[in-house]
Amino acid sequence: MRISDLGFLLLSASLMQADDWLYWRGPSYNGSARGDAPLEWSDTKNIAWKAAIPGRGHSSPVLVGDRIFVTTAVPASGTPASAGAGEPRPAGPGGRGPRGPGGGMGGGMGGGMMAGREHKFMLLCLDRKTGKVLWERTAKAATPHEGYHARYGSFASNSPVTDGKFVYALFGSRGLYCYDLNGKLVWSKDFPPMRMRLQFGEGVPLVLYEDTLLVKFDQEEGSYILALDKANGNQTWRAERDELSSWSPPLVVEHGGTRQVVVSASNKVRSYDLKTGKLLWECSGLGSNVIPSPVTQNGVVYVMSGHRDPNLLAIQLGHTGDLTGSKAILWANQRGNPYSSSPVLDDNKLYFVTDSGMLSCLDAITGQPYYLQQRLPKPYSFKSSPVAANGKLYLATEDGDVVVVKLGEKFETLAINTLADQMFIASPAVVDGAIYLRGQSTLFCIRQ
């Protein structure tokens, strides 16, 4: 382990307690949890509690202490968002839903679902032990200027983040809101409306590193990234970006004494100085519609795309300028890359799953596959990102199943857990032996 990576891990540990899940990718920002989680559950087994979540949201839950936070968007009047006109119906075999207005499977292309209808953009706080709603706040009531993907989108897809004292809820074009843990609004910040490709919807997770909030606005024109002071929302720096729509969150890494913000996107992967926003390096090579989150270890950052021209790049840190085609690119992979979900990095192994349910495990150092595009026991579809805990990889599907696979060089299915009438788009959180799993309208606590 390099000294710079040790500093990153120590800082992560100082921000994250053993029983907290402050960010949607967990304590190490790579999908790996501390401690264990249940192997098996069902509608009648190992369900500690379940809580109804109003409206519609695909953001993932975050936890601190005895509290859980989720965001949602609720129509101000009329039919609930979870069953409204143009909303997705339950998936059929393999997660394929009805054809939508764009003609594509799984609810169609963008289509602008629910645009022009007033919504309440809400943050909910629940008790971690019981699932009881402790408080809820309407951050804003507004009529969205454009809609979202009929099946996979929502007006509350940006996952929140907490530092243990405050919780920060991002609703994209509807603003950013800082609350204390008792629900008092501390500050808020507005942003100009975004214009996303085909009205697929917004949804970049919010990122917090020490005192800095990072908010990325990659869209069809006028893309940029902001660094904000978490205490008041004031802008620290802004970097304009020559990019179209992308949904991957920034990743902060420390190398050679410099903390840098690595951002994946279609035109170029770029790294900015965390303090100033200065561009440090850039690298082209990813495909379109970049969604997966970057991950890092041992002075290497891994970025990937799975749409058109899919690619995975292992980029060695410590270089500056344009790294395209240089020795800084340690290896690349074009097979089986995820389109929507983010990878898990655990024990020098990189795990990722395609939208169609093909799982791969690569040696993170060499790029060589231990297994590649392994079909899971059933035909599944995926949007949720996998998480790992105590030798197990948890894969939450669109079809209501969570498949548990053994971590390691050989593929082995350990369990298939089914919850009836569920569809998982949000990613699980694993804390203190429990899994917190958000379905379309229900938050589950699964505990042995």
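Before reading on, note that the structure itself is shown above.
Bear in mind that the values here come from a model prediction, so they are computed numbers and not experimental data.

Calculation rules
Each chain carries its own residue numbering, running from 1 in the written order of its sequence. Selection of residues for local features in this predicted model requires a pLDDT of at least 70, selection of side-chain atom pairs for listing and counting requires 80 or more, and totals for whole chains, interfaces and linings are taken over all residues. Computation of side-chain values: all heavy atoms of the structure, hydrogens and water removed. Strands are runs of DSSP state E lasting at least 2 residues, helices are runs of H or I lasting at least 4, and numbering of each runs from the N terminus. Whether a residue is buried, partly exposed or exposed follows from its accessible area with a 1.4 Å probe, protein chains only, as a fraction of its type maximum: under 20%, in between, or over 50%, in that order. Contacts are assigned to residue pairs with any non-hydrogen atoms lying within 4.5 Å of each other. For this document, the term salt bridge refers to a Lys or Arg side-chain nitrogen within 4 Å of an Asp or Glu carboxyl oxygen. Here, a strand pair is defined by DSSP locating no fewer than two bridges between the strands. We define a nonpolar core as any set of buried Ala, Val, Leu, Ile, Met, Phe, Trp, Tyr and Cys residues linked to one another through side-chain atoms lying within 4.5 Å. Aromatic pairing here means that ring centres of Phe, Tyr or Trp (its six-membered ring) are within 6.5 Å. Orientation follows from the plane angle: under 30 degrees is stacked, over 60 is edge-to-face, and everything else is tilted. Any Lys NZ or Arg CZ that is within 6 Å of a ring centre and within 35 degrees of that ring's normal is treated as a charge sitting over the ring.

(A) Broad picture of the overall build of the chain. Looking only at helices and strands, one finds one helix and 33 strands in the chain. Expressed as a percentage of the 448 residues in the chain, the buried residues total 62%. Partitioning the contacts of the chain with sequence separation of at least 6, the portion at a separation of at least 24 is 58%.

(B) How the structure looks around the pattern of salt bridges. What the rule picks out here adds up to 19 salt bridges. Among the ionic pairs, D355 bridges to K383, the shortest N-O distance being 2.6 Å. Highlighted residues: D355 in the loop between β24 (349-353) and β25 (358-363) and K383 in the loop between β26 (369-375) and β27 (387-389), separated in sequence by 28 residues. Accessibility expressed as a relative area gives 18% for D355, which makes it buried. Taking the relative accessible area as the measure of exposure, K383 reaches 16% and is therefore buried. Across the pair D401 and K378 runs a salt bridge, and its minimum N-O distance is 3.6 Å. On the criterion of sequence distance, the pair formed by D401 in strand β29 (residues 401-406) and K378 in the loop between β26 and β27 is long-range, its members being 23 residues apart. Exposure remark for D401: the relative accessible area of 5% places this residue in the buried category. Exposure remark for K378: the relative accessible area of 39% places this residue in the partly exposed category. Each of D163, D211 and K230 takes part in one network of salt bridges that share partners.

(C) Representation of the environment of G55. Following the sequence through the fold, G55 ends up in the loop between β1 (47-52) and β2 (62-64). Sequence-wise, G55 and A76 are 21 residues apart; in three dimensions their C-alpha atoms are separated by 9.8 Å.

(D) Representation of the pairing of strand β13 (residues 235-240) in the model. Bridge count between strand β12 (residues 224-229) and β13: five bridges; the pairing is antiparallel. What sits directly across from L226, in β13, is R238. Linkage of β12 to β13, two consecutive antiparallel strands, is achieved through a turn of five residues, within which G233 is found at a positive phi near 80 degrees.

(E) Main features of the nonpolar core. Counting 53 residues, the largest nonpolar core has Y168, L176, L213, V261, W281 and I315 as its most contacted members. In contact with W281, not counting residues within four places along its chain, are Q260, V262, V269, R270, S271, V301, I315, L317, H319, T320, G321 and L323. Counting 34 residues, the second-largest nonpolar core is a separate cluster that includes I53, L126, A434 and I435.

(F) A look at the packing of aromatic side chains. Scanning all chains against the criterion turns up 18 aromatic pairs. Where Y23 meets Y29, the ring centres are 5.4 Å apart and the plane angle is 50 degrees; that geometry is what we call tilted. Here the two residues Y23 and Y29 agree in accessibility, since each one is buried. Plain terms: the ring middles of Y371 and F411 are 5.7 Å apart, the flat faces sit at 80 degrees to each other, and that makes the pair edge-to-face. Of this pair, Y371 sits in strand β26 while F411 is found in the loop between β29 and β30 (413-418), placing the two residues 40 residues apart along the sequence. The class for F411 is partly exposed, based on a relative accessible area of 23%. Clustering of aromatic rings is evident, with ring pairs tying together F121, Y148, F155, F171 and Y177. Lying over the aromatic face of W24, R25 brings its terminal NZ or CZ to 5.2 Å of the ring centre. Above the ring of Y152, the side-chain terminus of K383 is found at 4.4 Å from the ring centroid.

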